[in-house]
Amino acid sequence: MVINAGILWCVLTAAVTDVGTAQLFLPSVGRKVVVGLSQAVTAVLNATTETNCSSILFTDGVTYHTTIYEMWSQLVAPWGVAVFEVAVDGQDANVTQAQLSRAVDEARQLRQVSWCVTVVVVSDDPAFLAAFAEWSLKGRLLVWSTRLLVVTRLPAQEIRSLLKKHWCFSMMNTVMMKVQDLSQTIRCGVYLHLPYSPRGAKVVQVAQWSPLQGLVYTISLPLFPEKFSNFYGARVNVTALPYAPYWMTSGEGNNTKHSGIDYNQ
């Protein structure tokens, strides 16, 4: 299977009977705000995405479609964009779970045939984000080289809870963008979870974006830092396999390279 440059549009939907949360962007919200969000997302991805990457965009069926169109039209994805819409079904969570499971499976197949992938998830629904975290782990959607950006209006406290609670948010290459203001203009804070630091595990704000200043780093860390270069004396459990290695490293320092089935898949 070969993915050519261009736009790949994939839509998986279930009936929406109760959205249960405010839309991220309603038709009444001006185009200026919609474009602002797209610029913020693009600024984050421009700072981190390689030239041979594809992008995979997940939405919960609640986000206004103009926002999604504006966003994926500006995504840094020379090798294409796949968009999966998994509608929120308030009366039957099993339907949403089944659709999300299928979407993650399809997205993993795209990731496996791509040189590199950036995943963007847009939702204000904590239940949807928790379900995505669960199914992306079960479906092995993410590897360390896969960068995950979550875009949401959830309160900072809820963002911190999600980052701490779910493996794919806390331990994988993940940042969350909090949309802070929709009234006149738009401002965004970018947060990530550090499982190891001199003071233990913590959530930090690594950057912020505004139309006037653009992307500004708030601490001396990149947007997607290497989380496991230093464990700061923490106790780490390691699983030993009684057969040939499936995760291998070679080289040292900045020249360290990883290979093997577990790393690549």
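Keep in mind it's a predicted model, so treat the numbers as computed, not measured. (Residues numbered from 1 in each chain as written. Predicted model: local features only at pLDDT ≥ 70, side-chain atom pairs only at ≥ 80, totals over all residues. Heavy atoms only, no water.)

Engineer: Which parts of the structure should I look at to understand the packing of aromatic side chains?
Structural biologist: Aromatic ring pairs are defined here through the distance separating the ring centres and the angle between the ring planes. Tallied over the entire structure, the rule returns six aromatic pairs. Consider the rings of Y196 and F231, whose centres lie 4.9 Å apart with planes at 80 degrees: the pair is edge-to-face. Within this pair, whereas Y196 is found in the loop between β7 (188-194) and β8 (202-210), its partner F231 is found in the loop between β9 (214-217) and β10 (248-250), the two being separated by 35 residues in sequence. Since its relative accessible area comes to 17%, Y196 is described here as buried. Its end group placed over the ring of W135, K138 keeps NZ or CZ at 4.6 Å from the ring centre. (Phe/Tyr/Trp six-rings, centres within 6.5 Å; stacked < 30°, edge-to-face > 60°. Helix = DSSP H or I, 4+ residues; strand = E, 2+ residues; numbered from the N terminus. Buried < 20%, exposed > 50% of the residue type's maximum accessible area, 1.4 Å probe, protein only. Lys NZ or Arg CZ within 6 Å of the ring centre and 35° of its normal.)

Engineer: Could you clarify how one ought to interpret the pairing of β8 in this entry?
Structural biologist: Residues in a regular strand project their side chains so that they alternate between the two faces of the sheet. Where β7 meets β8, seven bridges bridge the pair, whose relative direction is antiparallel. Along β8, the bridge assignment pairs L194 with K202. Sheet analysis places β8 next to β9, joined by four bridges and oriented antiparallel. Opposite Q208, over in β9, you have V216 as the bridge partner. Counting the residues between successive antiparallel strands, the hairpin from β8 to β9 contains three residues. (Pairing = 2+ DSSP bridges.)

Engineer: What is the right way to look at the packing of helix α3 (residues 93-112) against helix α4 (residues 126-138) in this model?
Structural biologist: Describing two packed helices takes the angle between their axes plus the distance from one axis to the other. α4 packs onto α3 with a crossing angle of 45 degrees between their chain directions and a minimal axis gap of 10 Å. It follows from the interaxial angle that α3 and α4 lie oblique. Here the hand of the crossing between α3 and α4 comes out right-handed. Residue-level inspection shows Q97, L100, S101 and V104 of α3 in contact with α4, the latter providing F128, A131, F132, E134, W135 and S136. Its residues assigned to classes, the contact of α3 with α4 shows six nonpolar, three polar and one charged. (Axes fitted to C-alpha atoms, helices over the stretch in contact; angles between N-to-C directions. Parallel < 35°, antiparallel > 145°, perpendicular 65-115°, else oblique. Left-handed = near helix turned anticlockwise from the far one by under 90°. Contact = heavy atoms within 4.5 Å. Nonpolar A, V, L, I, M, F, W, Y, C, P; charged D, E, K, R; others polar.)

Engineer: Would you explain the environment of T48 in this entry?
Structural biologist: With respect to the helices and strands, T48 occurs in the loop between α1 (31-46) and β2 (53-59). You can call T48 buried: its relative accessible area is 14%. Considering only alpha carbons, one finds T48 and T118, 70 residues apart in sequence, at a separation of 9.5 Å.

Engineer: Mind showing me how you'd approach the nonpolar core here?
Structural biologist: Soluble, globular proteins show a tendency: their nonpolar side chains are buried together. I56, F58, V119, V121, F132, L148 and F169 are the most contacted members of the largest nonpolar core, which totals 32 residues. Listing elements by their share of this core, those giving two or more residues are β2, β3 (81-85), α3, β4 (116-122), α4, β5 (147-152), α5 (156-165) and α6 (167-170). Non-local contacts of F58, meaning those with residues more than four positions away in its chain, are made with F84, L100, A103, V104, A107, V119, V120, V121, V122, F132 and L141. If you look at the next biggest cluster of nonpolar residues, it comprises 27 residues, including A43, V81, L194 and A207. (Core = buried A, V, L, I, M, F, W, Y, C linked by side-chain atoms within 4.5 Å.)

Engineer: I would appreciate a short explanation of a nonpolar patch on the surface in the present structure.
Structural biologist: A contiguous nonpolar patch, built from F231, V236 and V238 and spanning about 270 Å² of accessible area, is present on the exposed surface. F231 gets classed as partly exposed once you look at its relative accessible area, which sits at 33%. (Patch = residues over 30% accessible without salt bridge, like charges linked within 9 Å, V, L, I, M, F, W, Y side chains within 5 Å. Areas by Shrake-Rupley, 256 points an atom, 1.4 Å probe, with all protein chains shown as cover. Salt bridge = Lys/Arg side-chain N within 4 Å of Asp/Glu carboxyl O.)

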